[in-house]
Each structure stands twice: as structure tokens, then as C-alpha cells.
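Fold and geometry: a report
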Amino acid sequence: MPLSNERRRACVTAVAAALPERRVTNQELAHQVDTTDEWIVSRTGIRERRLVEPGTGLSALAIPAARRCLEKAGVAAADLDGIIVATISGDQIMPAVANLVQHALGANNAWGYDLLNACNGFVAALSTATCFIEAGRAERILVIGGDVMSSIVDWKDRNTCVLFGDGCGAVLVEAAAPGSGNGVVGFELHSDGGKGDDLSLPCAGSLKPPAWAKGHFIHQNGRVVFQNAVRRMTEVVDSLMGAYSLTKDDIDLLVPHQANLRIIEPIAERIGLPMDKVVINIDRLANTTAATIPLALADAEADGRLKVGTRVMLVAFGGGLTWGACYLRWGR
Ligand code: COA
């Protein structure tokens with residue numbers, strides 16, 4: 001739907017991050033699996049990642065990220081209408097991490113649920129919150145993206161274990177009156193279930209219950225995922241730009257999902273954006289799945305690149321396969 005000043009706007013008014021203390025370098029992983037720092041850096045751009053201590057659930061990151069986000073916005077937990085947590089590695093299947101966050105914050109007027117959309121989860125959750133707010137069904141929603149990938153990767157599989165990290169980010173989405181300048185302008189979401197097996201976590205559901213231990217790890221066909229990621233992320237950005245008649249000059253910052261630097265660079269090149277307009281955290285944090293985008297937003301805010309009015313393109317790709325993009329003007 002084209003941007004209209006008549007609509008209520010969903011504005012992203014604050015962002016906060018929570019990362020584990022423990023840094024793990026590529027050299028340390030090379031003691032565990034047959035790999036090298038040179039291979040990981042040259043193939044992916046990753047130099048290190050943050051990992052939780054084993055036995056730590058996502059809520060241990062999601063709760064502090066949520067608290068900091070509300071503090072920054074100056075909003076009381078009781079004023080939240082909803083909490084959406086995008087994740088594929090919640091503490092448990094049930095209760096949802098959103099319910100744990102709701103309880104810990106004392107957000108007694110908020111509903112909450114987890115949204116399962118892999119690396120596209122944050123874009124999907126932000127789009128969902130936008131719909132609630134534009135429809136007048138909510139005033140304030142906390143959108144959290146986080147994953148404890150260390151709990152679902154096989155630490156003996158060099159094809160996957162070097163790629164991921166743990167982390168969590170939260171944003172506050174608030175309603176603004178029609179006509180306000182900033183806010184979410186548009187978004188697009190897609191999926192292709194036909195390629196679901198190319199990036200999967202087979203044994204956590206009803207078909208193959210978790211007791212089938214080995215299948216409880218991420219499995220991926222790296223090359224297929226790589227090719228589809230470049231193609232689909234480029235396509236969805238092109239399509240969203242077309243829908244809102246945007247040119248590269250309308251994008252101040254590109255905040256892409258961080259799966260591989262070699263996936264991000266061709267997307268920036270295709271749009272015609274220099275890399276100084278692209279937010280990168282994969283070198284320090286690896287692929288934190290649903291957390292990559294909110295963590296990158298928190299970095300960009302901290303280094304002064306993200307301010308009220310900054311025009312941001314978010315784009316993500318992940319298991320499903322699923323992908324999506326969202327264009328917004330930061331702040332209210
Ligand atoms: N260290 C050393 N060698 C490794 C390795 C590691 N950590 N992981 C894989 N290799 C080996 C492979 O076994 C393969 O060896 P072979 O040729 O003897 O079979 C070789 O490196 C080359 O593998 P290839 O698949 O060609 O590498 P690549 O350049 O495609 O990079 C990925 C592999 C996984 C980094 C890349 O395909 C990728 O990023 N895919 C997308 C991943 C992704 O985005 N996942 C999350 C989606 S949101």
C-alpha cells in the first residue's frame with residue numbers, strides 16, 4: 001500500500017541490545033573442529049562471536065534487552081499492549097519467551113507470543129507489530145529478535161558451527177498520529193516452503209520429536225542457501241523500492257541480516273550503496289539469526305549513524321525459506 005499521510009503510523013522509537021560476555025574467536029574454534037581463522041574470515045567475514053554459557057535460555061538475554069529498550073524510551077512496562085519475540089531457540093516450546101519477558105517486566109497489560117520465522121523473524125515480527133498499530137489494535141508493542149544458536153548447532157560440524165552466535169535485540173514500536181513524518185513506510189514478506197529442507201532444524205517438532213537427538217541440530221545446504229539469499233534479498237529490496245518509488249538516495253542505511261559478508265556485499269552493490277551505508281556486525285557477532293538486525297540497529301544508533309529521521313532499509317533471509325524487507329524512517 002503506498003505511503004499515505006492519512007494512516008496511523010507505527011514508529012520505531014527505541015532499540016537496545018543484550019549480548020553474552022563470552023567472546024569466542026575463530027582460533028578457539030579451530031581447536032574444536034577442522035577449520036582455520038583464514039577459511040572462516042575469507043568465506044564469511046566472521047572473526048569472532050559471543051556465546052552464552054551452556055544451559056542459558058534466550059530469556060536471559062531477552063529480558064535485559066527489553067528492560068533497556070523501555071528505559072531508553074521512557075515507557076513503563078504497564079503501558080505495553082503486546083510483546084512479540086522472533087526466535088527459533090526459545091527457552092522452551094511452551095511457555096513462549098514473550099510470556100517470560102512479560103512476567104519479568106511486569107507488563108501486566110500485554111499479550112505476548114513467539115514468532116517462528118528463522119533469520120527473517122525480526123522483519124516478520126516488526127511487520128506484524130506494524131499491522132496491529134496501523135489497525136488501531138495496539139499503541140505500543142515490544143518487538144524482540146534473539147537466538148541462542150549455540151544450543152542448536154552441532155559443535156562437531158564445521159559446516160555450521162563456525163557460522164553462528166548468540167544475541168538479542170529489542171525495539172519499541174509505538175503509534176503516531178496520521179501525518180507524522182517518521183515510521184514504517186512499507187514492508188514485504190515472502191516464503192518458499194519447497195526449499196525448506198535446505199535450511200532446517202528437523203527434530204524439534206511433532207514429526208520427529210526432540211528425542212531423536214542428532215536431528216536436533218541445524219542442517220543446511222550452504223550453497224543453495226547462499227545463492228537463494230543473494231537472489232531473494234536483492235529481489236525483495238528491488239520490489240519494495242519499486243512499490244514506494246524509492247531510489248538509492250532514499251536509503252541512508254541498509255541493515256541486512258548478517259549470514260555472510262559475501263551475501264551482503266552484492267546486495268549493497270546491486271542497490272548502488274557504498275559499504276559505509278551498510279551496517280555490519282557479522283565480523284564480531286557471527287549470525288545471531290533473529291537478532292542480527294536489532295543488534296545492528298543498536299550498533300548504528302550507538303555510533304551515531306541512526307537518528308530520528310534516518311531512512312532505513314531492513315532486509316532478511318532465512319529458513320523456510322523465508323525473506324522480507326521493511327523500509328522505515330527511524331523515530332517518531
Ligand atoms: N572450515 C574449513 N573448511 C570448511 C568449513 C570450515 N568451517 N566448512 C566447510 N568447509 C569445507 C567444505 O567441507 C568444502 O570442502 P570440500 O570441497 O572438500 O567438500 C569446502 O570447505 C568448500 O565448501 P563450500 O560450500 O564451497 O564453501 P562456500 O564458499 O560455499 O562457503 C558457506 C560455505 C556455508 C559459508 C556458504 O555457503 C554460506 O554462507 N551459505 C549460506 C549460509 C547461511 O546464510 N546460513 C544461514 C541462512 S540465514
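Turning to the pairing of strand β12 (residues 311–318), a few remarks are in order. β12 sits mainly inside the fold: seven of its eight residues count as buried. Pairing of strand β11 (residues 253–256) with β12 involves four bridges; the strand directions are parallel. What sits directly across from P256, in β12, is V315. Two elements, β12 and strand β13 (residues 322–329), share eight bridges in a ladder whose sense is antiparallel. Its bridge partner being in β13, G318 is matched across the sheet by T322.

With that out of the way, let us pick up the pattern of salt bridges. Counted under the stated rule, the structure contains 16 salt bridges. As a salt-bridge pair, D238 and R270 come within 2.8 Å of each other at their nearest N and O atoms. You can see D238 sitting in helix α7 (residues 222–243) and its partner R270 sitting in helix α8 (residues 261–271), a full 32 residues away along the chain. Judged by relative accessible area, which is 53%, R270 ranks as exposed. A single network of salt bridges, built from pairs that share partners, joins R140, E174 and R332.

Spatial strand order, β8-β13-β12-β11: four strands in an open sheet with mixed pairing. The sheet is open, and its two edges are formed by β8 (183–191) and β11, each paired on a single side. Within this sheet the neighbouring strands show an average axis-to-axis angle of 10°, counted without direction. Across eight bridges, the pairing between β8 and β13 is antiparallel. Bridged to E188 within β13 is A325. Along the sheet, helix α5 (residues 121–134) makes contact with β8, β12 and β13, crossing β8 at roughly 125°.

Around the ligand sit 23 residues in total, of which T35, R43, Q220, R223 and N260 are the nearest. Here Q220 contributes a side-chain N or O atom positioned 2.9 Å from a nitrogen atom of the ligand. Contacts to the ligand include G222, whose backbone N or O atom sits 3.0 Å from a nitrogen atom. In isolation the ligand exposes 960 Å². Once the protein is present, 75% of that is buried. Of all the elements in the fold, those that place two or more residues in the shell around the ligand are α2 (37–44), α6 (158–161), α7, α8 and β12. A per-element tally of the shell around the ligand places α7 first, with four residues. Within the shell around the ligand, the residues separate by chemical class into nine nonpolar, nine polar and five charged. Residues lining the shell around the ligand come from more than one domain, with at least three contributed by each of domain 1 (9–176) and domain 2 (183–329).

Attention now goes to the domain arrangement of the protein. Interfaces are often sized by the amount of accessible area the parts lose when they come together. Domain assignment breaks the protein into domain 1 (9–176) and domain 2 (183–329). Listed as interface residues are 53 residues of domain 1 and, on the opposing side, 44 residues of domain 2. Overall, the association of domain 1 and domain 2 removes approximately 3,700 Å² of surface from exposure, summing both partners, and the carbon and sulfur fraction of that is 65%. At the boundary of domain 1 and domain 2, one finds one salt bridge. One salt bridge in this structure joins K72 and E301, with 2.4 Å as the shortest N-O distance. Taken together, the residues of the side of domain 1 that touches domain 2 break down into 27 nonpolar, 15 polar and eleven charged.

Membership of the largest hydrophobic core comes to 43 residues, with the highest contact counts inside it found for L254, I271 and M313. Sorting elements by how many residues they give to this core places α7 first, with seven residues. Shared between two domains, this core holds at least three residues of each, these being domain 1 (9–176) and domain 2 (183–329). Ranked by size, the runner-up nonpolar core spans 36 residues in total, among them V12, A129, V279 and A290.

Looking now at the packing of aromatic side chains. The final tally for this structure, using the stated rule, is three aromatic pairs. On the numbers, 5.5 Å between centres and 10° between planes, the contact of W111 with Y113 is stacked. Residue classification places Y113 among the partly exposed positions, given a relative accessible area of 31%. Aromatic rings pair up to connect W111, Y113 and F132 into one cluster.

What follows deals with the sheet that holds strand β5 (residues 111–115). Each strand in a sheet pairs with another by means of backbone hydrogen bonds, the pair being arranged parallel or else antiparallel. The strand order across the open sheet formed by five strands is β1-β7-β6-β4-β5, and the pairing between neighbours is mixed. The sheet is open, and its two borders are formed by β1 (9–18) and β5, each paired with just one other strand. Across the sheet, the mean angle from the axis of one strand to that of its neighbour is 20°, orientation sign disregarded. Of the pairings in the sheet, the one linking strand β4 (residues 82–86) to β5 comprises five bridges and is parallel in character. Within the sheet, the bridge partner assigned to V85 lies in β5 and is D114. Of the strands in this sheet, β1, β6 (140–148) and β7 (166–176) are in contact with helix α3 (residues 59–73), which crosses β1 at around 125°. Across the sheet, α5 lies against β1, β4, β5, β6 and β7, angled at about 170° from β6, the strand it touches most.

Each value, and the rule that gives it
Residues numbered from 1 in each chain as written. Predicted model: local features only at pLDDT ≥ 70, side-chain atom pairs only at ≥ 80, totals over all residues. Heavy atoms only, no water. Buried < 20%, exposed > 50% of the residue type's maximum accessible area, 1.4 Å probe, protein only. Helix = DSSP H or I, 4+ residues; strand = E, 2+ residues; numbered from the N terminus. Pairing = 2+ DSSP bridges. Salt bridge = Lys/Arg side-chain N within 4 Å of Asp/Glu carboxyl O. Axes fitted to C-alpha atoms, helices over the stretch in contact; angles between N-to-C directions. Contact = heavy atoms within 4.5 Å. Near = heavy atom within 4 Å. Polar contact = N/O pair within 3.5 Å; in protein donor to acceptor, adjacent residues only side chain to side chain. Areas by Shrake-Rupley, 256 points an atom, 1.4 Å probe, with all protein chains shown as cover. Nonpolar A, V, L, I, M, F, W, Y, C, P; charged D, E, K, R; others polar. Domains from an automatic or database assignment. Buried area = accessible area lost by both parts, 1.4 Å probe. Core = buried A, V, L, I, M, F, W, Y, C linked by side-chain atoms within 4.5 Å. Phe/Tyr/Trp six-rings, centres within 6.5 Å; stacked < 30°, edge-to-face > 60°.

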